[in-house]
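# Structural characterization, general
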Amino acid sequence: MPKTGRNDPCPCGSGKKYKHCCLKKDRAAELAPAIAQRVALQAQKANQVALRKDYQEESSNAVVDLVHAGRLDEAEQAARELLVRYPEVHDGYDRLGMVYEARGQFREAADCYRKVIEFTRANPEDYDAGFVDSFLELIVKLEACATEEERAVNDDDRPG
């Protein structure tokens, strides 16, 4: 059966030209399966993103729990896994900084927090304005602790 032309009489029998009657409805019906498929794919992708985010948050929180439990080697390994599995978020650096801080490795912790700040500045649309400030304050505190610790070591090394 030949395709109805735009200016042909509408096959529905209305007496109108096809373009003024059923053309839009027929085109929508032709596109419906493709639109439905695209919507389904978008929903599937959104679901995968949500699941990935949930798993990432769960993994990140697990590192915090390990640090609080004093299981620092496991926490470090889990933090490094975060860096590999979720390079699109700052959590790996943040959690690794927590591990170093718990070990008293203040300069290393400060370096990790600097990487969080770099990451944040590279992705400003994902963070609140005060987020960087909290890490800057933490870095200042850690640098002071490291300096104090170095002074104490130097004082202990001096002959008495």
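Overview of the structure. Keep in mind the model is a prediction, meaning the values are calculated, not measured.

## Notes on the packing of helix H2 (residues 72-85) against helix H3 (residues 91-103)
- At a minimum axis distance of 7 Å, the contact between H2 and H3 shows a crossing angle of 160 degrees. Considered as vectors, H2 and H3 are oriented roughly antiparallel to each other. The hand of the H2/H3 crossing is left-handed. Together, Leu-72, Asp-73, Ala-75, Glu-76, Ala-79, Arg-80, Leu-82 and Leu-83 of H2 and Asp-91, Gly-92, Tyr-93, Arg-95, Leu-96, Val-99, Tyr-100, Ala-102 and Arg-103 of H3 make up the contact between the two elements.
- Looking at the contact of H2 with H3 residue by residue, the class counts come to 10 nonpolar, 1 polar and 6 charged.

## Things to note about the packing of aromatic side chains
- In this structure the tally under the stated criterion is 4 aromatic pairs.
- Judged by centre distance (6.5 Å) and plane angle (85 degrees), the rings of Phe-119 and Tyr-127 are edge-to-face.
- Judged by relative accessible area, which is 15%, Phe-119 ranks as buried.
- For Tyr-127, a relative accessible area of 17% gives the class buried.

## Quick notes on the pattern of salt bridges
- On inspection of all chains with the given rule, the structure shows 10 salt bridges.
- Arg-103 is the partner of Glu-76 in a salt bridge, and the nearest nitrogen-oxygen pair spans 2.6 Å. With Glu-76 in helix H2 and Arg-103 in helix H3, this pair connects stretches of sequence that are 27 residues apart.
- Residue classification places Glu-76 among the buried residues on the basis of a relative accessible area of 17%.
- A salt bridge links Arg-95 to Asp-94; its shortest N-O distance comes to 3.1 Å.
- In this structure Arg-95 comes out as buried when scored by relative accessible area, which is 12%.
- In this structure Asp-94 comes out as buried when scored by relative accessible area, which is 11%.
- One network of salt bridges, in which partners are shared, links Arg-107, Asp-111, Arg-114, Glu-143 and Glu-150.

Thresholds applied
- Residues numbered from 1 in each chain as written.
- Predicted model: local features only at pLDDT ≥ 70, side-chain atom pairs only at ≥ 80, totals over all residues.
- Heavy atoms only, no water.
- Axes fitted to C-alpha atoms, helices over the stretch in contact; angles between N-to-C directions.
- Helix = DSSP H or I, 4+ residues; strand = E, 2+ residues; numbered from the N terminus.
- Parallel < 35°, antiparallel > 145°, perpendicular 65-115°, else oblique.
- Left-handed = near helix turned anticlockwise from the far one by under 90°.
- Contact = heavy atoms within 4.5 Å.
- Nonpolar A, V, L, I, M, F, W, Y, C, P; charged D, E, K, R; others polar.
- Phe/Tyr/Trp six-rings, centres within 6.5 Å; stacked < 30°, edge-to-face > 60°.
- Buried < 20%, exposed > 50% of the residue type's maximum accessible area, 1.4 Å probe, protein only.
- Salt bridge = Lys/Arg side-chain N within 4 Å of Asp/Glu carboxyl O.

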